[in-house]
Each structure stands twice: as C-alpha cells, then as structure tokens.
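# Survey of secondary and tertiary structure
So you can see what is in the structure, the chains are spelled out below.
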Amino acid sequence: MDENKECLKRSRDEESSDDVSNLKKRKVDNAASSSLKSETSNEVDSEGIFSLSDDVLLILLSYLNSTDLFHLSRCDPRLFDICGDKSLWVKVNANCDGSCPSHNEQALFFHPATTHLRFVKTISNDNVTVDTCFKDDFFHTLSNYAPNLKSLVIENHILCSPAFTLENLPATITELRLPRVELLHSDQEKKSNLFQNINKMLPNLEIVDASYCQWFNPHALLALGKCEHLKELRIAGCRNLKDFIPYASIAAIIGFQQLHTLDLRYTGIVDREIACFNKTKSLKHIFLEKPDDIEDLTSDESVTDVCTTSFCMRSCETNHSPNIVFITRIPQDGGTFTDYTLETLVVRNYPGITDITLKHAQKCLKSLKYLDVTGCSCTPQQASIFKQNRPEVELIYDGVALEL
C-alpha cells in the first residue's frame, strides 16, 4: 500500500513538473510571436502608403484634384510615375488657390486623351495684376499638350489678353466657360473682340459662359450667333450688355438656330432687346433677374409683360400695339398658335411682370415645366389659378414652390 502511495505521489510530481515546463515554453513562444508581430508591424508602418500596390494607390489618387496630384508627384519617383498615369489626367480639375503651381508644369501630364481642363480660383483678384498660374506660352502650346480637348473652364482669373486668344485653343473644344475672367490688353478694341471669328476657330462650340465678364459687349452676339452648334449661352452679370437691338435682332435672324438656353440675369436688358430672341424657336430655357443695384426703373428701362408675352408665335393677325394686352394674344377666327417649346422661364424681381404673364404662360406656353415669378407683381389669386390649370408646371412664387 505504501509503495502504491509513493508511486502515485511520484507520478503527480512528474505531471506537475511537465505542466510548469509546458507553461514556461508557451510563455517563451508567445513572447517570440509577439516580438515577431511587433517587428512586422513596425516594418509595415515604416513603409506607409508604399506598402500598397500601384493599382490601390491609383484608386486612392483618383480622389485628388490635379493640383494635389502635381505636388504629390514631386515627393517620390514611384509617386511621380503613378501620379502621371493617363487615367488621372483625362479630366483635369485644378484648384488655383494657395500655392498653385504653374499650369505650364502641370501641362506636362496632359496627353491626347485629356478632354476636360478646369482651372478655378475662389479667392478675390483684389490687388492682383495678373495671374502667375498661366505663363505666356501656356495657351500657345495647349493644342500640342491636349489636341483633343472638349471642355475648357477658366474661372475668376486675370489673363493677359494677347496670350489668350481663340486661335491658340484646340479646335475640338465644345464647351468654353470663362466666368469672372478679366482680360488685360493695352488695346481695348482687341480685348472686346475676343469672340471675333469664333465660329471658324471653334467650329464645334456648343456652350459659352462669359458671366460677369465686363469686356463682353453687344457685338459679340453677332459672332456667337454664327456658331452653328451653339446650344447654351450664359452672359449673366455682363453690365455692358445694353442697347444691343441691332446686334441681337440680326444674330437671332441669321443665327442661334440651335440655342436652347439663354441666361441674361443681372444685366440691364429691357423688353425690346429680349423680344429679339422670340425669333429663336429652339429656346427652351430663359433666365432673367433684375440686378440688385438698379432701382426705380420705368417700363421702358425694365422687363415687363411685353417681354414674356412676346414668346408665342401665331398664324392669326393680332394687334401689334407696343402696349400688349393679354387678350390680343388669343387667336381669333380659327387662328392657331405655333407653340414655343419653352420649358423654363425665370423672371425675378421685376415689378412690371404681372398677372398678364401668368395668364399668357397658362394659355400659350404649352411646353412649360418651370416658372419663377419671385419678387414680381403677380397676385396670389392668379398664381393659384395658374397652378390649378397647369398642375404639371413647377411654379415658384415668392421663392417658394406653390402647391395645389
């Protein structure tokens, strides 16, 4: 019996010894594993983004604008190669605020597949004589760097006019946007003739935006009217755009055959000038809004019902009195309307726009989808009648969409 007890005790001691040994071994193994993981982690951390594959980096870099891509490309040879991938420079979106590099340097990344260039600056041009982002030869060489360019947007820049000319731009451009661009030129006449022969230099042009460009003048309409494919013209805030009946009437007769969007907000335009465009049957969207700094205008100096009721052609004989009354616009004796395809009509803050405009739009503008008469002299009663008879039209009255 004593021998059995002794054997059992000896067996338990051996098992206990093995457990302690195994525990120590596990601790050593865990420590080694932890050390290995720490070393691996430090190695990955030290590599940072360079531990990622080129394909992953390319996806991440696609979220950066072109200016950031350019700065990043100068940090490392590998990043230079990835940042220069052609897929990142098809649509160039350059932020021109802050430490903007020369666009001539960025142009080295342009290639034949580059279709869109957008250079936007949001900071003020006060105390700036000329933008340093564009060197004199940038536009001279643009056709070489991006020969198939479709869209060029330059916003809120000051450009040297002799360097920026249409003949230097790729003839493939279909969209040209120059909002708030100032042109510097010692010859005022040449500066104001920027769009001369634009139909020959940019034969495929479809969109022009010269909003808030004070060098834009009335005779530019003649040049733009010759663009066979022009569909959208935005010249909001061009305060020199006045007294242009001769130019607008001729341009509307011989040109603007495809024009569907016309933005004339914040200009000094009046009834007789807008009425020139009632010959443009392709018009679908018209935007008009009185400038805030113009007060107490007479009917001859502003936009009234005469303007809005002019947008309806008819085969019947009507009274052509300058004081158009709505009832004279209704066809008589079997006459019929040749309906306009006008879909959007915005006439904001004009006291001369009254219920006559609502009645005319209700009866005659059958394709209308959106009407904004905020700040005008239309009554709530007539607005309600309009909405009841034309529920499919979104009517904005005093800044709010009117509901049934």
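Read on for an overview of the structure. Just so it is clear, the structure is predicted and the values come from calculations on it, not from any experiment.

A few words on the overall build of the protein chain. Within the protein chain, the secondary structure is distributed over 14 helices and 16 strands. Burial analysis of the protein chain (404 residues in total) assigns 44% to the buried set. In the protein chain, of all internal contacts separated by at least 6 residues, the share reaching a separation of at least 24 is 72%.

All right, on to the pattern of salt bridges then. Using the criterion set out here, one finds 11 salt bridges in the structure. Here Asp54 and Arg78 are joined by a salt bridge, their closest N and O atoms 2.7 Å apart. Of this pair, Asp54 sits in helix α2 (residues 54-61) while Arg78 sits in helix α4 (residues 77-83), placing them 24 residues apart in sequence. With its nearest N and O atoms 2.8 Å apart, the salt bridge here joins Asp263 to Arg265. When salt bridges with common partners are traced through the structure, they connect Glu175, Arg177, Asp209, Glu232, Arg234, Asp263 and Arg265 into a single cluster.

Attention now goes to the packing of helix α13 (residues 355-364) against helix α14 (residues 380-389). For the pair α13 and α14, interaxial distance at closest approach is 10 Å and the crossing angle is 5 degrees. Viewed along their axes, α13 and α14 adopt a mutual orientation that is roughly parallel. Between α13 and α14, the contacting residues are Asp355, Leu358, Lys359, Ala361 and Gln362 on the first element and Gln382, Ala383, Ile385, Phe386 and Asn389 on the second. Each residue belonging to the contact of α13 with α14 can be placed in one class, and the counts come to 5 nonpolar, 3 polar and 2 charged.

So, about the packing of aromatic side chains. One pass over the full model with this rule turns up 11 aromatic pairs. Relative to Phe139, the ring of Phe138 lies with its centre 5.1 Å away and its plane at 85 degrees, an arrangement referred to as edge-to-face. One exposure class covers both Phe138 and Phe139, and it is buried. Members of the aromatic cluster, joined through ring pairs, are Phe70, Phe80, Trp89, Phe109 and Phe110. Its end group placed over the ring of Tyr212, Arg180 keeps NZ or CZ at 4.1 Å from the ring centre.

This part is about the pairing of strand β10 (residues 285-289). Regular strands place their side chains on alternate faces of the sheet. Among the 5 residues of β10, 5 are classified as buried, and the element is accordingly described as predominantly covered. Burial of the side chains of β10 extends over both faces: His285, Phe287 and Glu289 are buried on one face and Ile286 and Leu288 on the other. Where strand β9 (residues 261-263) lies against β10, 3 bridges are found, and the strand directions are parallel. Looking across to β10, one finds that Leu262 is bridged to Ile286. Here β10 pairs with strand β13 (residues 344-348) via 5 bridges, running parallel. Within the sheet, the bridge partner assigned to Phe287 lies in β13 and is Val346.

Now for the sheet that holds strand β8 (residues 232-234). Across the sheet, 12 strands lie side by side as β1-β2-β3-β5-β7-β8-β9-β10-β13-β14-β15-β16; this open sheet has mixed pairing. Two strands bound the open sheet, and with one partner strand each, they are β1 (91-95) and β16 (400-401). Two strands pair when backbone bridges link them, and strand β15 (residues 394-397) and β16 are joined in this way by 2 bridges, in the antiparallel orientation. Of the residues in β16, the one forming a bridge with Tyr397 is Val400. Across the sheet, α14 is in contact with β14 (370-372) and β15; its angle to β15 comes to roughly 170 degrees.

Here is what the cut-offs are and how they apply
Residues numbered from 1 in each chain as written. Predicted model: local features only at pLDDT ≥ 70, side-chain atom pairs only at ≥ 80, totals over all residues. Heavy atoms only, no water. Helix = DSSP H or I, 4+ residues; strand = E, 2+ residues; numbered from the N terminus. Buried < 20%, exposed > 50% of the residue type's maximum accessible area, 1.4 Å probe, protein only. Contact = heavy atoms within 4.5 Å. Salt bridge = Lys/Arg side-chain N within 4 Å of Asp/Glu carboxyl O. Axes fitted to C-alpha atoms, helices over the stretch in contact; angles between N-to-C directions. Parallel < 35°, antiparallel > 145°, perpendicular 65-115°, else oblique. Nonpolar A, V, L, I, M, F, W, Y, C, P; charged D, E, K, R; others polar. Phe/Tyr/Trp six-rings, centres within 6.5 Å; stacked < 30°, edge-to-face > 60°. Lys NZ or Arg CZ within 6 Å of the ring centre and 35° of its normal. Pairing = 2+ DSSP bridges.

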